[in-house]
Amino acid sequence: MEAVTQLLKPATDYWLLTDRFKDIEGFLEPIEGYALHTMAAFGPGKGEIVEIGSLYGRSTCYLASGSARNGRGGVYAIDTFKGSKEHQVGEQGEQTAIATDGSTLKIFLQNIATHRFDEKVKPIVNESSKAASEWSKSIRLLFIDGDHSYEGTRKDFLDWSPFVPESGLIAFHDVTTWDGVTQFYNEISQLDEWKEVLAVGTIRVIQRLPHGESE
Ligand SMILES: C[S@@+](CC[C@H](N)C(=O)[O-])C[C@H]1O[C@@H](n2cnc3c(N)ncnc32)[C@H](O)[C@@H]1O
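Residues numbered from 1 in each chain as written. Predicted model: local features only at pLDDT ≥ 70, side-chain atom pairs only at ≥ 80, totals over all residues. Heavy atoms only, no water.

Some remarks on the pattern of salt bridges
Consideration 1: Counted according to the given criterion, the structure contains six salt bridges.
Consideration 2: Salt-bridge contacts for Asp 13 lead to Arg 69; the nearest nitrogen and oxygen are separated by 3.0 Å. Taken together, the residues Asp 13 in helix α1 (residues 2-20) and Arg 69 in helix α3 (residues 58-69) connect sequence positions 56 residues apart.
Consideration 3: Among the residues examined, Asp 13 registers a relative accessible area of 13% and is labelled buried.
Consideration 4: The class of Arg 69 is partly exposed, set by a relative accessible area of 39%.
Consideration 5: Residue Lys 155 pairs with Asp 159 through a salt bridge whose shortest N-O separation is 3.3 Å. Of this pair, Lys 155 and Asp 159 both sit in helix α7 (residues 150-160), four residues apart, which is roughly one turn of the helix.
Consideration 6: Exposure remark for Lys 155: the relative accessible area of 44% places this residue in the partly exposed category. (Salt bridge = Lys/Arg side-chain N within 4 Å of Asp/Glu carboxyl O. Helix = DSSP H or I, 4+ residues; strand = E, 2+ residues; numbered from the N terminus. Buried < 20%, exposed > 50% of the residue type's maximum accessible area, 1.4 Å probe, protein only.)

As structure tokens, then:
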């Protein structure tokens, strides 16, 4: 039965994480969260995890739980916490917290505290491009889920990808469901220095190839 127990382990982990984070609002499917968790726990490389676009902390918690699982580093959560264009009052994805407080930061911090990730998660309340201009560390996993326009996705990639070394990963959310993200992803994933290594739900992950090993 040992083999059966081992084979069931990922399914059990998935189910436990789904239950653990089900109360955190957000735009991430459980299987996508599980993919982030697994990359944070077992993904290649050394360096930080950086998330652009945290909202209420749903993806942040999946990343933090993965990193904590294997005693790896922190998760930098970069967000203005003022919501994207589509979250503003009168828009299709209007968020109550934005309408009432003008910010999702309070709920984000509550969620991080509830799940005991205060030590693990380091919020950076700033525009992504400004945060990038003050950044200097190496990033092993960059999760891009901020401004979903083509220009916004492109800017996040251009600002942050220089910090992702060989073997490092960049995960994009909403590829196939948001035109701007999809258009940019289709362009970037064709470049010689990057290779698509994972596709789960609307998450697509590219890895920086070692210099001279483009395919
Ligand atoms: C789709 S939500 C993120 C969802 C989140 N990852 C989850 O798991 O539910 C996008 C977030 O990106 C943030 N954002 C958009 N443009 C930004 C920018 N230029 N700089 C920083 N944050 C930005 C918004 O405030 C919003 O919280």
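Some thoughts on the packing of α7 against helix α8 (residues 179-188)
Consideration 1: For the pair α7 and α8, interaxial distance at closest approach is 7 Å and the crossing angle is 45°. It follows from the interaxial angle that α7 and α8 lie oblique. In terms of crossing hand, the pair formed by α7 and α8 is right-handed. Contacts between α7 and α8 involve Tyr 150, Thr 153, Arg 154 and Phe 157 from the former and Gly 180, Val 181, Gln 183, Phe 184, Glu 187 and Ile 188 from the latter.
Consideration 2: In terms of residue class, the contact of α7 with α8 is made up of five nonpolar, three polar and two charged. (Axes fitted to C-alpha atoms, helices over the stretch in contact; angles between N-to-C directions. Parallel < 35°, antiparallel > 145°, perpendicular 65-115°, else oblique. Left-handed = near helix turned anticlockwise from the far one by under 90°. Contact = heavy atoms within 4.5 Å. Nonpolar A, V, L, I, M, F, W, Y, C, P; charged D, E, K, R; others polar.)

Overview of the nonpolar core
Consideration 1: Counting 29 residues, the largest nonpolar core has Leu 36, Leu 63, Val 121 and Leu 141 as the members making the most contacts within it.
Consideration 2: For this core, the elements supplying multiple residues, two or more each, are α2 (30-42), α3, β2 (75-79), α5 (105-114), β4 (139-144), β5 (169-172) and β7 (203-208).
Consideration 3: Those residues within four positions of Leu 36 in sequence are excluded, and the remaining contacts are Leu 28, Ser 59, Tyr 62, Leu 63, Phe 143 and Ile 203.
Consideration 4: Counting residues in each nonpolar core, the second largest holds 24 residues, with Ile 52, Ala 131, Phe 157 and Ile 206 among its members. (Core = buried A, V, L, I, M, F, W, Y, C linked by side-chain atoms within 4.5 Å.)

Focus on the pairing of β7
For a regular strand, side chains alternate in direction, first toward one face of the sheet and then toward the other.
Consideration 1: Burial analysis of β7 places six of its six residues in the buried class, the great majority of the element.
Consideration 2: The side-chain alternation of β7 yields two buried faces, one formed by Ile 203, Val 205 and Gln 207 and the other by Arg 204, Ile 206 and Arg 208.
Consideration 3: Bridge count for β5 against β7 is four bridges, and the pairing is antiparallel. In the strand pairing of β7, Ile 170 is matched with Ile 206.
Consideration 4: In terms of strand pairing, strand β6 (residues 194-200) meets β7 through six bridges, oriented antiparallel. (Pairing = 2+ DSSP bridges.)

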